[in-house]
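Listed below, chain by chain, are the residues.
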Amino acid sequence: MREDVLEASVVMAKCRTSHQPYGIRIEKRRNNTWYCTWAFKLSEKSAGNEGYGSTMISGRVDVDPEYPGCPYCGGNGWVSCGHCNKLTCYNGEGDSFTCAWCGNSGKLQSAETFDLSGGGY
Ligand SMILES: [Zn+2]
Ligand SMILES: [Zn+2]
């Protein structure tokens, strides 16, 4: 682990094209910003078993340059649903999205701070 990492966690997201879940490793660095550093495939079952989604992460969230993107479609970002607060992958195109969790659709809003639910790492 890098020495400027203060905390690390994993948050759950879903791919908007395959609707499969994945985990995003997220770490808090000394500048008080959370960085997404890694993404990996999950099954819904293992996601539940490992308790991802049980702690809240709040603050500024950014994407590390080494973040590989969604493991299913390669989308390099994600959006946080205003309805269920869960994450759906996003590839930077268009100005609207459909949540892969609850089906809510709406306009994208750019936000620099988020409340995410993550799990112990
Ligand atoms: Zn995806
Ligand atoms: Zn949603």
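Residues numbered from 1 in each chain as written. Chains lettered and ligands numbered in written order. Predicted model: local features only at pLDDT ≥ 70, side-chain atom pairs only at ≥ 80, totals over all residues. Heavy atoms only, no water.

Caption draft 1: Looking closely at the pattern of salt bridges. Per the counting criterion, the structure on display carries four salt bridges. Of the charged contacts, one joins Arg 29 and Glu 27 as a salt bridge, the two residues approaching to 2.9 Å between their closest N and O atoms. Of the charged contacts in the structure, one is a salt bridge between Arg 29 and Asp 64, with a shortest N-O distance of 3.0 Å. Highlighted residues: Arg 29 in strand E2 (residues 21–29) and Asp 64 in the loop between strand E4 (55–63) and strand E5 (77–80), separated in sequence by 35 residues. By the burial criterion, Arg 29 is buried, and Asp 64 matches it. (Salt bridge = Lys/Arg side-chain N within 4 Å of Asp/Glu carboxyl O. Helix = DSSP H or I, 4+ residues; strand = E, 2+ residues; numbered from the N terminus. Buried < 20%, exposed > 50% of the residue type's maximum accessible area, 1.4 Å probe, protein only.)

Caption draft 2: Summary view of the coordination of the zinc ion (ligand 1). Within the protein, the atoms that donate to the zinc ion (ligand 1) are Cys 15 (SG), Cys 70 (SG), Cys 73 (SG) and Cys 89 (SG), at distances of 2.3 to 2.4 Å. Taken together, the four donor atoms surrounding the zinc ion (ligand 1) define angles of 100 to 116 degrees at the centre, an arrangement classified as tetrahedral. Along the chain, the residues donating to the zinc ion (ligand 1) fall in the pattern C-x54-C-x2-C-x15-C. On the basis of relative accessible area, Cys 73 is assigned to the partly exposed category, the value being 37%. (Donors = N, O, S within 2.8 Å, 3.2 Å for Na, K, Ca; no water. Tetrahedral: all angles 85-135°; square planar, octahedral: opposite > 155°, others 65-115°.)

Caption draft 3: Local environment of the packing of aromatic side chains. Under the counting rule described, the total for this entry stands at one aromatic pair. Both rings, one in Tyr 22 and one in Tyr 72, keep their centres 6.3 Å apart while their planes meet at 65 degrees; by these two values the pair is edge-to-face. Residue Tyr 22 is located in strand E2, and its partner Tyr 72 is located in the loop between E4 and E5; the two are separated by 50 residues in the primary sequence. Its relative accessible area of 0% is what places Tyr 22 among the buried residues. Across the ring face of Trp 101, the terminal group of Lys 14 is positioned such that the distance to the ring centre comes to 4.6 Å. For the cation-ring pair, Arg 29 lies above Tyr 35, with the distance from its terminal atom to the ring centre recorded as 4.4 Å. (Phe/Tyr/Trp six-rings, centres within 6.5 Å; stacked < 30°, edge-to-face > 60°. Lys NZ or Arg CZ within 6 Å of the ring centre and 35° of its normal.)

Caption draft 4: Region of interest: the coordination of the zinc ion (ligand 2). Within the first shell, the zinc ion (ligand 2) binds the protein through Cys 81 (SG), Cys 84 (SG), Cys 99 (SG) and Cys 102 (SG), at distances of 2.3 Å. Around the zinc ion (ligand 2) sit four donor atoms, and with donor-metal-donor angles ranging over 105 to 114 degrees the site reads as tetrahedral. In primary-sequence terms, the residues that donate to the zinc ion (ligand 2) follow C-x2-C-x14-C-x2-C.

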